[in-house]
Amino acid sequence: MLRRPVEQSRAPPGCDVDFRIEPELCVACLACVRVCPADAVAVDGQQVHIVDEACTRCGLCLPACPHDAIVAHGDLGRALELAKAGRATLILSVESAAYFYPDTPEQVVNACYAAGFHTVHRGVLGDELVAQEYLQLWSEDGWGTMIRSTCPVVVETIEHEYPELIPYLAPVATPVAAEARYLKRMYGARTPVVYAGVCLTEGGPDVDAAVTFEDLRQLLQRRGVGIPEQPLHFDRLPEERRRHLSTAGGLPLEVLMEETHASRRFRKVRGLGQLEAIARAVAVDHIDLGFVDILPCEGCLDHPLLGPRDQLFWRREIVGATEPARSRLPVIDPDVAEGVQVAEAFPIPRNGLRPAEEAVEAVLGEIGLAPNGKPWDCGACGYPTCRLFAEAAALGRTTLRSCPPYLDKQAQQAKLQAAVDSLTGLATFRVLRDRLASEVARSARTGDPFAVLFVDLDNFKQVNDSFGHEAGNEVLRGTAHEFGPLIRSTDLAARYGGDEFVVVLIRTGTDGARGVAEKVRVQVEAMGRRLGYPEALVTASIGLAEHRPGPETQDVLVAADRALYRAKAAGRNQIATGDE
């Protein structure tokens, strides 16, 4: 069975690495929110920031940001201080060969010595220690499912998102942590250890400072050391660079040779999105998966900090060309390794912050349901379900701006608001304009006429001045209400502006339109009396015009407007037609 030590617990990611968003470059496009597997990007209005305690430092947000607004920094100040002191040991990960190319690994190592580091190791010893531990676990029976735990991104994601998988994590430290312990055992417990690589949380508390390769380049520059000026050969005896048991990342070569990737005892999985399926298999379906080698990408050479993915195979070629021949004998000193703790424990955390249920339901209410009455669950926001999105939104990790169904709903509401006058409930001038254009085109195709009524309230300014603007609004609403029973569903009543209204009567000539206009005039006058206004104060003058298709047809709205002026000039509270 698996040996699970309890005296030592894995430390959470510390302050060694800092992923942050530059506010002057960020435009809050939320691309980082959609790719973050840990919901570690918080959104507050137009401000976006990374939540340190939730971030797993996977780096997926870096290439996802189209504006280069996300930057990653290690503990450069601390590493520079340790280099100046001249006692620190540097663990320089093998991926540096690709990052610093065309400078050679020999030149990079020589530069690190020139900058003040006491010794420079390549991470091989940590891989060997971890591989040895895995071989011992591999030889045991009854472990059922064992998830490779040497990738801190996987471990942190499991601890944050899938705590049910914690008991299945192999109790093995990361290679960098194991090497740091080994080096402190070799050179003394007080020897500072600096790690330079791409996965900056690997060392945990055993590493005194962790820096990116770009940080290391800056450190060398500040120390006045140029890599291209260094000799092409090691200017001092190099530390152990050969492997005996391990492959990169601490996986035993023997395991890979013994079991194919299709084996039931060994499974190679790539991508954090696979953790959900693994969690269901082991926690719900109770399936033994064997040894699960899961990584968020194709290995450290595929890490976003090293460059674009389309250069992955080029980076592999560079690093592969720098690897020395495999050692036939163990490269670990057994006397030193005897006192190194390679096993690791993963405590099961308590439930973290959960959003209030009412807040989640409020977000779901804003999103609404799909036409079939079920949640949308379209995944376009980056979350598999609307509920998971709502939980993240309630915690401030995303906003409704990244939900397409919500945005579509808002657009429809905005379109509706633009089409309906908020005071009267009638169509707006914008809708009227489009409708008149379509009716003119339809009339030209079919030859059918249509009529327009231009309605203006008489003495409306006097109503406002004498009784107040709210009284005027009541008259406008009452007038709009009178149109409803008098026109058909195919007709249109719109507010033209102020106290003016326009009615479009489809397939209607002058005689039919005059009948409707008279009813409107009578109803408005009756409405004024009903509201208690003096006789003849609330009345309407109406201009009527008919549109018939032809070469000399004038603008029907202009014709109705001119007719309205004639009705006003004739004494108000009457109807005038465009052909008078």
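Located above this text is the structure these notes cover.
Since this is a predicted model, take the numbers as computed values, not measurements.

Reading the values: rules and limits
- Going along each chain's sequence as written, the residues are numbered from 1 onward.
- pLDDT decides what is reported in this predicted model: residues at 70 or higher carry local features, side-chain atom pairs at 80 or more are listed and counted, and totals for whole chains, interfaces and linings draw on all residues regardless.
- Calculated side-chain values reflect all of the structure's heavy atoms, with hydrogen atoms and water omitted.
- Labels follow the DSSP assignment, with helices taken as runs of H or I lasting at least four residues and strands as runs of E lasting at least two, numbered in each case from the N terminus.
- Between the two quantities, the radius of gyration covers C-alpha atoms and the globule rule is 2.2 Å times the number of residues to the power 0.38.
- Exposed residues in this analysis have more than 50% of their type's maximum accessible area, buried residues have under 20%, and partly exposed residues fall in between, with area computed by a 1.4 Å probe over protein chains only.
- Residue contacts are defined here by distance: any two heavy atoms, one from each residue, within 4.5 Å place the two residues in contact.
- To be clear on the numbers: accessible area is Shrake-Rupley with a 1.4 Å probe, and residue cover counts the displayed protein chains and nothing else.
- Counted as positive: Lys and Arg. Counted as negative: Asp and Glu, with His and the chain ends omitted from the count.
- Lys charges are placed at NZ, Arg charges at CZ, Asp charges at CG and Glu charges at CD.
- Note on definitions: angles span 0 to 180 degrees between N-to-C directions of axes, and those axes are lines fitted to C-alpha atoms, for helices only across the stretch in contact.
- Should an angle lie under 35 degrees it is considered roughly parallel, over 145 roughly antiparallel, and from 65 to 115 roughly perpendicular; all remaining angles are considered oblique.
- Left-handed describes a crossing in which the near helix is turned anticlockwise from the far one by less than a right angle; the clockwise case is right-handed.
- We call Asp, Glu, Lys and Arg charged. Ala, Val, Leu, Ile, Met, Phe, Trp, Tyr, Cys and Pro are nonpolar, and the rest, Gly among them, are polar.
- The distinction between a cavity and a pocket rests on a 1 Å grid over the protein atoms alone: a 1.4 Å probe fits inside a cavity but cannot get out, while a pocket stays open yet meets protein on both sides within 12 Å along at least five of seven lines, and a residue with an atom within 4 Å of a point counts as lining.
- Grid points are joined across faces, edges and corners, and a volume is the space filled by probe spheres set on the points.
- The criterion for an aromatic pair is that two Phe, Tyr or Trp rings (for Trp, the six-membered ring) have centres within 6.5 Å, with stacked assigned to planes under 30 degrees apart, edge-to-face to planes over 60 apart and tilted to the rest.
- Buried Ala, Val, Leu, Ile, Met, Phe, Trp, Tyr and Cys residues form a nonpolar core when they are joined through side-chain atoms within 4.5 Å.
- In this description, strands pair whenever DSSP reports at least two bridges between them.

Undergrad: I'd like to hear about the overall build of the protein, residue by residue, with values.
TA: Looking only at helices and strands, the protein has 21 helices and 16 strands in total. Against the compact-globule benchmark of 25 Å for 580 residues, the protein has a radius of gyration of 38 Å, which places it well outside the compact range. Summarising its shape, the C-alpha atoms of the protein cover approximately 115 × 55 × 50 Å along the three principal directions. Considering the protein as a whole, with its 580 residues, one finds that 51% of them fall into the buried category. For the protein, contacts bridging at least 24 residues in sequence account for 74% of all contacts bridging at least 6. When the accessible surface of the protein is summed, it comes to about 27300 Å², and 52% of that surface belongs to carbon and sulfur atoms. With 61 positive and 80 negative side-chain charges, the protein shows a separation of 2 Å between the mean positions of the two kinds.

Undergrad: For the packing of helix H3 (residues 76-85) against helix H9 (residues 213-222), give the residues involved together with the corresponding values.
TA: Two elements in contact, H3 and H9, have axes whose closest approach is 10 Å; the angle formed by their N-to-C orientations is 45°. Comparing the axis directions of H3 and H9 gives the class oblique. Between H3 and H9 lies a crossing whose hand is right-handed. Within the contact between the two elements, H3 uses Leu76, Ala79, Leu80 and Ala83 and H9 uses Asp215, Gln218, Leu219 and Arg222. Split by residue class, the contact of H3 with H9 holds five nonpolar, one polar and two charged.

Undergrad: Outline the layout of surface pockets, supporting the account with residue identities and numerical values.
TA: Reported here for the second largest pocket is a volume of approximately 980 Å³. Lining the second largest pocket are 42 residues; nearest its centre among them are Glu95, Ala248, Gly249, Gly299 and Cys300. For the lining of the second largest pocket, the secondary structure elements donating two or more residues are helix H7 (152-161), helix H8 (175-187), strand E10 (266-270), strand E11 (290-295) and helix H12 (312-322). Among the elements that take part in the lining of the second largest pocket, H12 stands out by supplying four residues, more than any other. In terms of residue class, the lining of the second largest pocket is made up of 20 nonpolar, nine polar and 13 charged.

Undergrad: Tell me about the packing of aromatic side chains, and name the residues and values.
TA: Here the structure, examined in full by the defined rule, presents 11 aromatic pairs. With a centroid separation of 5.6 Å and 5° between ring planes, the pair formed by Phe266 and Phe291 is classed as stacked. With Phe266 in strand E10 and Phe291 in strand E11, this pair connects stretches of sequence that are 25 residues apart. Of the two residues examined, Phe266 and Phe291, each falls in the buried class.

Undergrad: Explain the nonpolar core residue by residue, including any values.
TA: In terms of nonpolar packing, the biggest core is built from 37 residues, with Ile21, Cys32, Val48, Ile70 and Phe389 touching the most fellow members. If you list the elements that add at least two residues to this core, you get strand E1 (18-21), helix H1 (31-35), strand E2 (41-44), strand E3 (47-50), helix H2 (61-64), strand E4 (70-73), helix H14 (357-367) and helix H15 (386-394). When residues of this core are assigned to their parent elements, the largest contribution, five residues, is made by H15. If we ignore the near neighbours within four places in the chain, the residues touching Val48 are Ile21, Cys26, Ala28, Leu30, Cys32, Val41, Ala42 and Val43. Core analysis: the second largest hydrophobic core is formed by 36 residues, Ala83, Cys112, Ala196 and Ile318 among them.

Undergrad: For the sheet that holds E10, give the residues involved together with the corresponding values.
TA: Taken together, three strands build an open sheet; the order of strands is E7-E11-E10 and the sheet is parallel. Single-partner strands in this sheet number two, and they are strand E7 (145-147) and E10. Neighbour-to-neighbour, the strand axes of the sheet open up by a mean angle of 20°, direction not taken into account. Here E10 runs beside E11; their pairing, made up of five bridges, is parallel. Paired with Arg267 across the bridge in E11 is Val292.

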